[in-house]
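Listed below are the residues making up each chain.
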Amino acid sequence: MAHRKLVIKVTAGADAPERCSQAFTVASVASASGTEVSLWLTGESAWFALPGRAAEFELPHAAPLPDLMAAVRASGGRITLCTQCAARRGIEEKDVIEGVRIAGAQLFVSEIMPEGVQALVY
């Protein structure tokens, strides 16, 4: 089976908890199954790049976001915070949790365009 990469852009946060949770769950499961995962935090999910914010997210019958994020990182996945989303929220590089990078649309496009990449937006 050919190597595949999954790029997930999550735009939802506490404003759409089920959609948000689905994105993190799919990223975690894919990462645990050996798929290379790149998880992008955009829109309201940008807040989860800050220490403690993912732990505040609650959804019945859903795995905790900090656990899902840790699973992605533990399997070699990347978590990226959108540059513009961070700027609009006053989030700087020094503010984010360890392992989260801040990058913009140019990097997102370069990640989703190669052959063998599947991109999902939640």
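Figured I'd write up the structure that's included with this text.

About the thresholds
- Residues numbered from 1 in each chain as written.
- Predicted model: local features only at pLDDT ≥ 70, side-chain atom pairs only at ≥ 80, totals over all residues.
- Heavy atoms only, no water.
- Buried < 20%, exposed > 50% of the residue type's maximum accessible area, 1.4 Å probe, protein only.
- Helix = DSSP H or I, 4+ residues; strand = E, 2+ residues; numbered from the N terminus.
- Arc of directions from axis to C-beta.
- Contact = heavy atoms within 4.5 Å.
- Phe/Tyr/Trp six-rings, centres within 6.5 Å; stacked < 30°, edge-to-face > 60°.
- Core = buried A, V, L, I, M, F, W, Y, C linked by side-chain atoms within 4.5 Å.

### Looking at helix H3 (residues 65-74)
Every α-helical turn comprises 3.6 residues, leaving residues that sit three or four positions apart pointing alike.
For step 1, the next point in the chain: Of the residues making up H3, those classed as buried are Leu-65, Leu-68, Met-69 and Val-72. Across the axial projection of H3, the buried residues extend over an arc of 95 degrees, all falling on one side.
For step 2, the next point in the chain: As for H3, its buried residues are in contact with helix H1 (17-32), strand S2 (36-41), helix H2 (53-56) and strand S3 (78-82).
For step 3, the next point in the chain: Gly-76 sits one or two positions beyond H3 and adopts a positive phi of about 90 degrees.

### Let's talk about the packing of aromatic side chains
For step 1, the next point in the chain: According to the stated counting rule, one finds three aromatic pairs in the structure shown.
For step 2, the next point in the chain: Each ring, one from Phe-24 and one from Phe-48, has its centre 5.9 Å from the other, and the planes form 80 degrees; the classification is edge-to-face. With Phe-24 in helix H1 and Phe-48 in the loop between S2 and H2, this pair connects stretches of sequence that are 24 residues apart. For the pair Phe-24 and Phe-48, a shared accessibility class is recorded, and that class is buried.
For step 3, the next point in the chain: Seen in terms of ring centroids, Trp-40 and Phe-108 are 5.3 Å apart; in terms of plane orientation they differ by 80 degrees. Their pairing is edge-to-face. With Trp-40 in strand S2 and Phe-108 in helix H5 (residues 105-112), this residue pair connects regions lying 68 residues apart in the sequence.

### Observations regarding unusual backbone geometry
For step 1, the next point in the chain: For His-61, which is not glycine, the phi torsion reads 65 degrees and is therefore positive.
For step 2, the next point in the chain: When you line up the elements, His-61 lands in the loop between H2 and H3.

### Points about the nonpolar core
Most often, soluble globular proteins have nonpolar side chains that are buried together.
For step 1, the next point in the chain: Counting residues in hydrophobic clusters, the biggest one holds 32 residues, and the most contacted among them are Phe-24, Leu-39, Leu-41, Leu-65 and Leu-81.
For step 2, the next point in the chain: Residue assignment for this core shows that the elements contributing at least two residues are strand S1 (5-10), H1, S2, H3, S3 and helix H4 (83-88).
For step 3, the next point in the chain: At five residues, H1 tops the list of elements feeding residues into this core.
For step 4, the next point in the chain: Excluding its chain neighbours within four sequence positions, the residues that come into contact with Leu-81 are Leu-41, Ala-46, Ala-49, Ala-86, Ile-91, Val-96, Val-100, Arg-101, Ile-102 and Ala-103.

These values are about where atoms sit, not about what they do.
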